[in-house]
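Examination of the molecular architecture
What follows is each chain in one-letter form.
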Amino acid sequence: MKKKTNLRRNFIKKTTIAAGAGLIAPSVTFGISHSNKYMKETVGHGDFKYTVDKEWGVQDPSKTPINDCHEMVLDSKGRILMTTTGENNHNIIVYDRSGKVLDSWGTKFPGAHGLSITGEGNDQYLFITDPDSHKVWKTTMDGRVLHTFERPREVSGYASDDQFKPTETAIMPNGDIYIADGYGENYIIQYNAQGEYIRHFGGKGEADGEFNCCHGITLDTRDKENPSLLITSRGNQRFKRFTLDGNHLETISLPGCSVCRPAIHGEHLYFAVIVTETWDSYDGMLAVLDKNNKVVSLPGGSTPTYSEGSLVAPKYDGKTFRNPHDVLVDADENLYVPQWASGKTYPIKLNRI
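The structure reproduced in this document is the subject of the present report. All residue numbers refer to position in the chain's written sequence, counted from 1. For this predicted model, a pLDDT threshold of at least 70 governs which residues receive local features, and a threshold of 80 or more governs which side-chain atom pairs are given and counted, while totals over whole chains, interfaces and linings are taken from all residues. The side-chain numbers reported here are obtained from all heavy atoms of the structure, hydrogens and water having been left aside.

Here's the deal with the overall build of the chain
Think of it this way: any DSSP run of H or I at least four residues long counts as a helix, any run of E at least two long counts as a strand, and we number them from the N terminus. Helix and strand content of the chain: two helices and 28 strands. Any residue under 20% of the maximum accessible area for its type is buried, any over 50% is exposed, and the rest in between are partly exposed; the area is computed with a 1.4 Å probe on protein chains only. Classification of the 353 residues of the chain by burial places 55% in the buried group. We get accessible surface area from the Shrake-Rupley algorithm with a probe of 1.4 Å; when it comes to residues, only the shown protein chains can shield them. When the accessible surface of the chain is summed, it comes to about 15,000 Å², and 45% of that surface belongs to carbon and sulfur atoms.

Thoughts on the sheet that holds strand β8 (residues 123-130)
Pairing between strands is defined by DSSP: at least two bridges between them are needed. Taken together, the four strands give an open sheet; going across it, the order is β7-β8-β9-β10, and neighbouring strands pair in antiparallel fashion. The strands lining the two open edges of the sheet, one partner per strand, are β7 (115-120) and β10 (145-149). Going from strand to strand, the sheet's axes swing by 20° on average, the running direction of each strand aside. As judged from the four bridges shared by strand β9 (residues 135-139) and β10, these two strands associate in the antiparallel manner. Following the sheet pairing, Thr139 is matched in β10 by Val145. For helices, the fitted line uses only the C-alpha atoms of the stretch in contact; every axis is such a line through C-alpha atoms, and the angle between N-to-C directions lies from 0 to 180 degrees.

Looking at unusual backbone geometry
Phi is positive for Asn186, which is not a glycine, with a value near 65°. Looking at the element boundaries, Asn186 is found in the loop between β12 (177-180) and β13 (187-191). Of note in this structure, Glu308 is not a glycine but carries a positive phi near 55°. With respect to the secondary-structure elements, Glu308 resides in the loop between β24 (306-307) and β25 (310-311).

Here we look at the nonpolar core
Looking at soluble globular proteins, one finds that nonpolar side chains tend to be buried together. Joining through side-chain atoms within 4.5 Å is the link that ties buried Ala, Val, Leu, Ile, Met, Phe, Trp, Tyr and Cys residues into a set, and such a set is a nonpolar core. Tyr50, Tyr270, Leu286, Leu335 and Leu350 are the most contacted members of the largest nonpolar core, which has 21 residues in total. Here this core gets four residues from one element, more than from any other, and that element is strand β21 (residues 268-275). Dropping the residues within four chain positions of it, Leu335 is found in contact with Tyr50, Tyr270, Leu286, Val327, Leu328, Val329, Ile348, Lys349 and Leu350. One finds Phe239, Leu254, Met285 and Leu311 within the second-largest nonpolar core, a separate group that totals 15 residues. Only heavy atoms matter for contacts: two residues are in contact if any of them lie within 4.5 Å across the pair.

See below:
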């Protein structure tokens with residue numbers, strides 16, 4: 001964890017100059033007028049191909065500043081919400097589907113990372129994780145804090161509050177909450193809808209039931225009779241599947257892919273590969289897996305190839321992404337992608353062909 005933190009800090013320093021260079025800003029109207037300049041590129045493979053719109057979310061940084069962008073969710077009104085870091089920024093940005101900013105709020109979450117949404121209609125809530133502040137917040141859709149989760153006192157693996165560095169949550173239909181302490185002690189902590197501790201599992205390690213950076217977590221209901229938790233073990237380029245009570249079921253190995261949050265859409269699993277080879281320069285791609293855990297498309301990367309049943313480590317195409325951190329899939333199967341340590345680039349959109 002310390003090595004990665006240092007790499008992140010060094011890389012952020014290296015990208016400071018690029019951040020101010022207006023790398024992808026349109027020349028007329030921020031976030032509204034989109035040229036065709038970036039929409040001629042086609043990425044992806046097989047049935048999952050896309051055109052790239054790097055201007056989709058671009059804004060005037062003097063009005064809507066961002067830093068590292070982490071995750072996005074879609075609400076019942078069709079709005080797209082995104083987390084971004086920075087002590088002087090609003091940490092939640094609200095877009096419409098065209099890429100125009102509708103609202104921004106929140107200064108309590110300077111390290112805003114994971115973003116989950118739950119509920120229906122007008123009765124929806126957000127869960128925001130902040131590893132820098134060592135907290136998870138449940139909020140209304142306009143940012144009113146309803147509940148705060150801090151270091152779980154029930155878990156003996158924590159000796160101090162600053163060991164708790166949560167990166168993600170997954171919310172169950174019954175209201176149970178799973179918190180992934182991806183940058184901390186690598187426990188998964190389960191609470192009920194009232195915020196009461198139920199259990200924990202995981203921890204740092206290489207055993208089947210342990211994690212090397214449990215960065216992301218989601219509920220997988222593709223097997224309707226046996227819903228499960230799909231959890232990132234990013235440091236060793238794997239997803240691990242668990243029962244809802246914390247028993248390991250399987251490990252999905254993805255050589256060359258430092259995987260971020262898993263996102264389920266239909267029968268497929270989508271995720272961002274933040275890094276393939278190095279944390280010291282721009283890297284990364286997206287990945288799409290079928291229900292048999294086979295990679296069928298790598299937008300921004302080389303053609304998926306298998307050798308003796310194992311994925312051959314893919315190659316970054318050198319141009320499409322700058323450390324993508326998450327992928328949001330809409331009803332039309334278009335993709336929205338926020339990026340980490342990217343020279344403060346705004347999120348981009350991939351339009352399904």
